[in-house]
Amino acid sequence: MGNGTENREQWGSRFGFIMAAAGSAVGLGNIWRFPYITGQHGGAAFVLVYAAIVFSIGVSVMLAEFVIGRASGLNAVGAFKKLRGGAWPIVGWMGVIAGFIILSFYGVIAGWTIAYMIKSFTGLMAAGAAGKAGDVFGAFVTNAPQVVAYQVIFMVVTIWIVYKGIGEGIEKYCKIMMPALFVILFVLIVRGVTLPGASKGLEFYLSPDWSKLNGATVFAALGQAFFSLSLGMGCMITYGSYLSKKEVLPSAALTVAALDTSVAFLAGFAIFPAVFAFGIEPGAGPGLTFVTLPNVFAQMPGGMFFSFLFFLLLFFAALTSSVSLLEVCVAYFKDEMGWTREKASWLLGAVITALGIPSALSLGGKFPKIAGKDFLDAMDFISSNVLLPLGGIFIAVFVGWVWLESGKKEANNEGKVPFAWETAWVWIVRIVAPVAIAWIFVKGLKW
Ligand code: TRP
């Protein structure tokens, strides 16, 4: 027990690992959440704050997670047990719990993407042409059996990939889906920015509105950065545990953060020009993707095809992320409880799917609200705004204060590879990240 390091599975190549880690990072958070949050928080001004957080605190915490994972060769809980023990494994525990919670509602929204791929060909465009995509959405999310059915389909695909393992499952499929995602995104951007009237959308997206910049913006940017980079719950610890000792970690963290940020930023180029070209309100809020965009696609020549492509893009993004969430839980039960991968994947996957059913029902108002929030929003809030930042603080403090010398050695492969930003990294994990996250957390935490 507690020793998964012998014969542990490994990534087959650096490319495969980067695709898997970027696959985890690039998800609904980038394509569904980032554009509308940017729209709500002052466009380009928000993008700048966001990028500053990603490339200081974000990459540093990611590197800290890779380092903890590779040094221990274990899951999030086992890693802390092995490297220090004491109360530290609680950080890993919080991560595994966050994994259960996030995947429970993530699977629901990801299921919508499958439904919408099909709807692209069955009436969504006709409704959109009449500006009625909102009705389609309303009818869909209140139809509980349908929402749950698509959630189950999505979860079965997720479970199956995780059950296949690291190399033959997660890595293999991320190596296909991530490049495909970039190609689709590129097609949609070209389509978007070449529409007549697209420039108004670019202006909205790119001209900074500094007046909207305040404490709430910074809080939103930090929460978004942690969620988008898959940080604070041991996801990158788990992925790091399958890395070979030869891999260079600092550049891997930079590459993953850069890929993640590019996709988020580029998604805005696929979306806003099209929205403005057809004179549709950039419907602030989560409905942007499932309501505004179908209305937009319906007015384009070949809209059916672009609508399908867009939801396929979202599906790939969601699937490469959901497997990483499940893997955090599976790795824990495998390493620490001695379960087989098969048992852990199917059993935990089933439990998480069941946990997601209240979220699935809450959208149609069929589940009681929790202190005024829909169940799904409440789950999102507890995980993204509470568990992830707390996890981030503890991970930074662990590497910065408790385990620094070993951490540095792991980060520069015992001095064998150059690590140009080592000093910056050390100060960020020691001081900047814990203080900044704690400060923003205390100031910004509003239910
Ligand atoms: N990063 C993913 C997204 O942007 C979601 C995700 C996957 C995640 N694994 C995670 C979020 C771990 C937090 C922690 O959609």
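Our subject is the structure listed above.
The sections below set out a description of the structure shown in this document. Model, not experiment: these values are computed from the prediction.

One broad trend across soluble globular proteins is that nonpolar side chains are buried collectively. Of all hydrophobic cores here, the largest spans 165 residues; its most connected members are I68, I170, F310 and W425. Among the elements that take part in this core, helix α15 (residues 303-337) stands out by supplying 21 residues, more than any other. Discounting residues that sit within four places of it in the chain, I170 has contacts with W11, A20, I161, V162, G165, Y239, V323 and E327.

Relative to the assigned elements, T158 resides in helix α8 (residues 144-164). Polar contacts involving the side chain of T158 include one to the side chain of S322, which spans 3.0 Å.

A word on the layout of surface pockets. Estimates place the volume of the largest pocket at around 810 Å³. Along its surface, the largest pocket is lined by 33 residues, and R33, Y36, I37, D380 and N385 are the ones closest to its centre. Per element, the largest residue contribution to the lining of the largest pocket is seven residues, and it comes from helix α11 (residues 215-228).

Once that is clear, we can look at empty space enclosed by the protein. In the structure shown here, the tally under the stated rule is four cavities of 30 Å³ or more. The volume enclosed by the largest cavity comes to roughly 150 Å³. Around the largest cavity sit 19 residues that line it, and S24, I102, F227, S230 and L325 are the ones nearest its centre. Among the residues forming the lining of the largest cavity, the class breakdown is eleven nonpolar, eight polar and no charged.

This brings us to unusual backbone geometry. In the Ramachandran plot, S230 falls in the positive-phi region, its phi being about 60° despite a non-glycine side chain. Within the element layout of this structure, S230 appears in the loop between α11 and α12 (235-240).

Here we take up the packing of aromatic side chains. The tally for this structure, following the rule as stated, stands at 41 aromatic pairs. Aromatic pair F17 and F66: ring centres 5.4 Å apart, planes at 65°, arrangement edge-to-face. Taken together, the residues span a long stretch of sequence, with F17 in helix α1 (residues 14-25) and F66 in helix α3 (residues 44-72) at a distance of 49 residues. Take F17: its relative accessible area is 0%, and that puts it in the buried class. Seen from the ring of W427, R430 lies directly overhead, with NZ or CZ sitting 5.9 Å from the centre.

Calculation rules
- Residues numbered from 1 in each chain as written.
- Predicted model: local features only at pLDDT ≥ 70, side-chain atom pairs only at ≥ 80, totals over all residues.
- Heavy atoms only, no water.
- Core = buried A, V, L, I, M, F, W, Y, C linked by side-chain atoms within 4.5 Å.
- Buried < 20%, exposed > 50% of the residue type's maximum accessible area, 1.4 Å probe, protein only.
- Helix = DSSP H or I, 4+ residues; strand = E, 2+ residues; numbered from the N terminus.
- Contact = heavy atoms within 4.5 Å.
- Polar contact = N/O pair within 3.5 Å; in protein donor to acceptor, adjacent residues only side chain to side chain.
- 1 Å grid on protein atoms, 1.4 Å probe; cavity = no way out; pocket = protein on both sides within 12 Å on 5 of 7 lines; lining within 4 Å.
- Points joined across faces, edges and corners; volume = space filled by probe spheres on them.
- Nonpolar A, V, L, I, M, F, W, Y, C, P; charged D, E, K, R; others polar.
- Phe/Tyr/Trp six-rings, centres within 6.5 Å; stacked < 30°, edge-to-face > 60°.
- Lys NZ or Arg CZ within 6 Å of the ring centre and 35° of its normal.

By themselves these figures say nothing about function.
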